[in-house]
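One-letter residues, chain by chain:
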Amino acid sequence: MARMCVKTQRLDVAKVCLGNMGHARGAKALREAEREPEQEARVAMLAIQLGMLEDAERLYNICKRYDLLNKFYQASDQWQKAIEVAETRDRVHLRTMYYNYAKHLEATGEHSLALTYYEKSDTHRFEVPRMLSEDLQALEIYVNKMKDKALWKWWAQYLESQSEMESALKYYELAQDYFSLVRVHCFQGNIQKAAEIANETGNWAASYHLARQYESQEEIKQAVHFYTRAQAFNNAIRLCKENNLDDQLMNLALLSSPEDMIEAACYYEEKGEQMDRAVMLYHKAGHFSKALELAFATQQFGALQLIAEDLDEKADPALLARCSDFFIEHGQYEKAVELLLAAKKYQEALQLCLQQNLTITEEMAEKMTISKDSKELSEESRRELLEQIADCCMRQGNYHMATKKYTQAGNKLKAMRALLKSGDTEKIVFFAGVSRQREIYIMAANYLQSLDWRKDPEIMKNIISFYTKGRALDLLAGFYDACAQVEIDEYQNYEKAQGALTEAYKCLSKAKIRSPVEQESKLALLQSKMALIKRFIQARRAYSEDPKEAIRQCELLLDEPDLDSTIRLGDVLGFMVEHYLQVEEFQMAYRYLEEMRKRIPCVNLTYYVSQRTIEAVHRGLGIPLSRNPVPERIRHNSMEDNKEVEEDVADEVEDP
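Computed from a prediction, not measured in an experiment: that's the story for all the values here.

### Focus on the overall build of the chain
Okay, step 1: Summing up its helical and strand segments, the chain has 41 helices and zero strands in all.
Okay, step 2: Put simply, the chain has 656 residues, and 44% of those count as buried.
Okay, step 3: On the chain, roughly 35,900 Å² of surface is accessible, and the fraction owed to carbon and sulfur atoms is 48%.

Structure representation (structure tokens):
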């Protein structure tokens, strides 16, 4: 029935069968096999207990449990199959399998083959000497053949236990076991040879053993030397203190741990001599307070400077303040400021910077800056300190740092003023954009007007944008008026000037000015300018259809009292000169040339009329032209504004 359960894989029925059979070992094995995840592996264990070995082998292959198959082959004395499975399918257990096979071979008396498999399992350094312990000659041959340091050392230890010291030394040397070499030489009383080995190899254990030997023989200097080579500084320091070797003690303490340094410093302090060494050791060990206290007590100012360089905010504030006072007394103000900052005495540090005119570096300013979450100062005191730092930076011309500190203090107006002094246009535009304050927008726009906005449409766009966002429509109107004047003076583009004046009028009419009378006066002036420019533009446009009417309009314009403040007289007169020359009325052309000389005496005529035109007029009347060298007329192309700028401006003016 139980055998049928192997075929049907009914383990529940198999348990009952094994129970009825009284097969306790099989029942236990089946219960332990239940831990295996594969059904076939559990059934294979049942098959093994019932002696169905072929079925067990087949089942282990089906579920690919090669580890269990390997164990099965080993248990059933099928070693070649076990080796094959381990080498091809179960390499994780390969060395274990080799070891088990070697143990099996040793048990059957096949020592030479067992040696091979112990080597393959990498256990030969222990197992082979154990196996060959009864055959010392074979063991010695094996050790010499393998040339393995671990085996040489084992064989040397064995020879030493048999009092064969010379042979033991030979094998210790082959194994490069310098500690054992020194130990044996010391045992033989050959301490000089031991010292040579320790010095040549630098082996710590060998040096330590040799140092102990020298100490027992009261050769203190040699003992200290070899303790030092063994890095056993505390033992070396102990000997130096006991034997008053103060010079060596200092060097050893500096090489050793902080604890040993402090111990050596205490020794020097107790002796009351060479206090500079005590200060240095306390300093190197990180015991700053004690080092400073001793340095002040013994007036070691050079040491004080060295110690102060390593002080930070973790040191005792009272100690830091004391050191800063020392540096102030000796005129080393920068170091004093650093220590005051480390002691968190920000006001004193700032006052010292102001009194001694010390430049506040970015690092110093950051150290003086207390975070908002800090409880060291109240929020009001914190802001006051930041403003004081910023004021100091302003005096020193460090405008960017001043801007940063004013911003951290929440005073954006002062931050903007500092930034304006720096002249960093890009940062000014950015800061105005992120601040979103009316006054800052206006300040930024005023600054941008001082730049060459005529050649940079982006600057012009920002000026208009900032005045609009700052709701300074009166200032924006003034800017448009300036734009119009530029178009007239530099480019003679009256059409664009008219457009700019129209925008100025729109802005000014929407502006809220305290004095309505002043606003009305400015609006009237703009209207007057726009009217005059419009008449001149119409006259020029009408010229192609009705030249006489165009000239009549120009003559009327010349009679206007405030014409020159809006339209350049030279442009009107020049237009008329060109007309009369074209119709060959040279007398009239000459008359207006003379009027131009009379009404605009300080400007060269070629600025308004070409040299060729002047020569043609004189030639037509037979009047000789004086040959004074005259500069060529400067011609400008009208500035082509970015269409985007115009569209943005229009939008912003419509909805300020």
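### Observations regarding the environment of Tyr66
Okay, step 1: Topologically, Tyr66 is positioned in helix 6 (residues 66–75).
Okay, step 2: Here Tyr66 falls in the buried class, since its relative accessible area comes to 16%.
Okay, step 3: Considered as a pair, Tyr66 and Val85 are 19 residues apart in the sequence and their alpha carbons are 7.0 Å apart.
Okay, step 4: Discounting chain neighbours no more than four positions away, the residues touching Tyr66 are Asn61, Val85, Arg89 and Asp90.

### Structural notes on empty space enclosed by the protein
Okay, step 1: Scanning the model with the defined rule gives one cavity of 30 Å³ or more in all.
Okay, step 2: Space inside the largest cavity adds up to approximately 50 Å³.
Okay, step 3: Residue lining of the largest cavity: Asp481, Ala484, Gln485, Ile488, Leu501, Lys529, Ile533 and Thr566, and that is the complete set.
Okay, step 4: Elements represented by at least two residues in the lining of the largest cavity include exactly helix 34 (473–491) and helix 36 (516–542).
Okay, step 5: Among the elements that make up the lining of the largest cavity, the one with the highest residue count is helix 34 (four residues).
Okay, step 6: By residue class, the composition of the lining of the largest cavity is four nonpolar, two polar and two charged.

### Some points on the packing of helix 2 (residues 11–21) against helix 3 (residues 24–33)
Okay, step 1: Following both chains from N to C, one finds helix 2 and helix 3 inclined at 155°, their axes separated by 9 Å at the closest point. As far as their axial angle goes, helix 3 and helix 2 are roughly antiparallel. Of the two elements, helix 2 crosses helix 3, and the hand of that crossing is left-handed. Where helix 2 abuts helix 3, its residues Leu11, Ala14, Lys15 and Leu18 lie against Gly26, Ala27 and Leu30.
Okay, step 2: Split by residue class, the contact of helix 2 with helix 3 holds five nonpolar, one polar and one charged.

### Side note on unusual backbone geometry
Okay, step 1: Despite not being glycine, Gln231 shows a phi value in the positive range, around 65°.
Okay, step 2: Along the polypeptide, Gln231 turns up in the loop between helix 17 (220–229) and helix 18 (233–242).
Okay, step 3: What makes Gln231 partly exposed here is its relative accessible area of 40%.
Okay, step 4: Positive phi, normally seen in glycine, also occurs at Glu584, with a value near 65°.
Okay, step 5: Along the chain, Glu584 falls in the loop between helix 38 (569–582) and helix 39 (586–599).
Okay, step 6: Assessed through its relative accessible area of 59%, Glu584 is described here as exposed.

### Examining the packing of helix 9 (residues 111–120) against helix 10 (residues 124–131)
Okay, step 1: Two elements in contact, helix 9 and helix 10, have axes separated by 9 Å at closest approach and are oriented at 165°. Classified by the angle between their axes, helix 9 and helix 10 sit roughly antiparallel to one another. Our pair here, helix 9 against helix 10, has a crossing hand that is right-handed. Facing His111, Ala114, Leu115, Tyr118 and Glu119 of helix 9, the residues of helix 10 in contact are His124, Glu127, Val128, Arg130 and Met131.

### Topic: the environment of Ala211
Okay, step 1: Considering the arrangement of structural elements, one finds Ala211 in helix 16 (residues 204–216).
Okay, step 2: The spatial distance from the C-alpha of Ala211 to the C-alpha of Arg229 is 9.2 Å, given a sequence separation of 18 residues.
Okay, step 3: Those residues within four positions of Ala211 in sequence are excluded, and the remaining contacts are Ala223, Phe226 and Tyr227.

### Brief notes about the environment of Ala2
Okay, step 1: Here Ala2 shows up in helix 1 (residues 2–8).
Okay, step 2: What makes Ala2 buried here is its relative accessible area of 6%.
Okay, step 3: Sequence separation between Ala2 and Leu46 is 44 residues; the distance between their C-alpha atoms is 8.6 Å.
Okay, step 4: If we ignore the near neighbours within four places in the chain, the residues touching Ala2 are Cys17, Met21, Leu46 and Leu50.

### Structural notes on the pattern of salt bridges
Okay, step 1: Considering all chains together, one arrives at ten salt bridges under this definition.
Okay, step 2: Across the pair Glu38 and Arg65 runs a salt bridge, and its minimum N-O distance is 2.9 Å. In this pair, Glu38 is assigned in the loop between helix 3 and helix 4 (39–49) and Arg65 in the loop between helix 5 (53–62) and helix 6, connecting sequence segments 27 residues apart.
Okay, step 3: The residue Arg58 makes a salt bridge to Asp55 at a minimum N-O spacing of 3.4 Å. Placement of both Arg58 and Asp55 in helix 5 is noted, with a separation of three residues, approximately one turn of the helix.
Okay, step 4: By relative accessible area, which is 14% here, Asp55 ends up buried.
Okay, step 5: When salt bridges that share partners are traced, they join Glu36, Glu38, Arg65 and Asp67 into one network.

### Re helix 12 (residues 149–161)
Okay, step 1: Its 13 residues place the ends of helix 12 18 Å apart at the C-alpha level, agreeing with the 18 Å of an ideal helix rising 1.5 Å per residue.
Okay, step 2: Buried residues of helix 12: Leu151, Trp152, Trp155, Ala156, Leu159 and Glu160, and no others.
Okay, step 3: The elements touched by buried residues of helix 12 are helix 10, helix 11 (136–146), helix 13 (165–174) and helix 14 (178–187).
Okay, step 4: One or two positions beyond helix 12, positive phi appears at Ser163, with a value near 65°.

### What about the nonpolar core?
Okay, step 1: In terms of nonpolar packing, the biggest core is built from 90 residues, with Leu46, Leu210 and Val224 touching the most fellow members.
Okay, step 2: A per-element tally of this core places helix 8 (residues 94–107) first, with six residues.
Okay, step 3: Counting 82 residues, the second-largest nonpolar core is a separate cluster that includes Ala390, Leu473, Ile537 and Ala550.

### With respect to the packing of aromatic side chains
Okay, step 1: Throughout the structure, instances matching the rule amount to twelve aromatic pairs.
Okay, step 2: Between the aromatic rings of Trp155 and Tyr158, the centroid separation amounts to 5.3 Å while the plane-to-plane angle is 25°, which identifies the pairing as stacked. Highlighted residues: Trp155 and Tyr158, both in helix 12, separated by three residues, approximately one helical turn.
Okay, step 3: Classification of Trp155 as buried rests on a relative accessible area of 3%.
Okay, step 4: Look at Tyr158 and you get partly exposed, because its relative accessible area is 24%.
Okay, step 5: Joined through ring pairs, the aromatic side chains of Trp79, Tyr98, Tyr101 and Tyr117 make up one cluster.
Okay, step 6: Stacked on the ring of Phe179, the Lys or Arg Arg183 has its end atom at 5.9 Å from the ring centre.

### Topic: the side chain of Asn70
Okay, step 1: Inspection of the secondary structure assignment puts Asn70 in helix 6.
Okay, step 2: Apart from the residues within four sequence positions on either side, Asn70 is in contact with Ala82, Val85, Ala86, Asp90, His93 and Met97.

Here is what the cut-offs are and how they apply
- Residues numbered from 1 in each chain as written.
- Predicted model: local features only at pLDDT ≥ 70, side-chain atom pairs only at ≥ 80, totals over all residues.
- Heavy atoms only, no water.
- Helix = DSSP H or I, 4+ residues; strand = E, 2+ residues; numbered from the N terminus.
- Buried < 20%, exposed > 50% of the residue type's maximum accessible area, 1.4 Å probe, protein only.
- Areas by Shrake-Rupley, 256 points an atom, 1.4 Å probe, with all protein chains shown as cover.
- Contact = heavy atoms within 4.5 Å.
- 1 Å grid on protein atoms, 1.4 Å probe; cavity = no way out; pocket = protein on both sides within 12 Å on 5 of 7 lines; lining within 4 Å.
- Points joined across faces, edges and corners; volume = space filled by probe spheres on them.
- Nonpolar A, V, L, I, M, F, W, Y, C, P; charged D, E, K, R; others polar.
- Axes fitted to C-alpha atoms, helices over the stretch in contact; angles between N-to-C directions.
- Parallel < 35°, antiparallel > 145°, perpendicular 65-115°, else oblique.
- Left-handed = near helix turned anticlockwise from the far one by under 90°.
- Salt bridge = Lys/Arg side-chain N within 4 Å of Asp/Glu carboxyl O.
- Expected span 1.5 Å × (residues − 1).
- Core = buried A, V, L, I, M, F, W, Y, C linked by side-chain atoms within 4.5 Å.
- Phe/Tyr/Trp six-rings, centres within 6.5 Å; stacked < 30°, edge-to-face > 60°.
- Lys NZ or Arg CZ within 6 Å of the ring centre and 35° of its normal.

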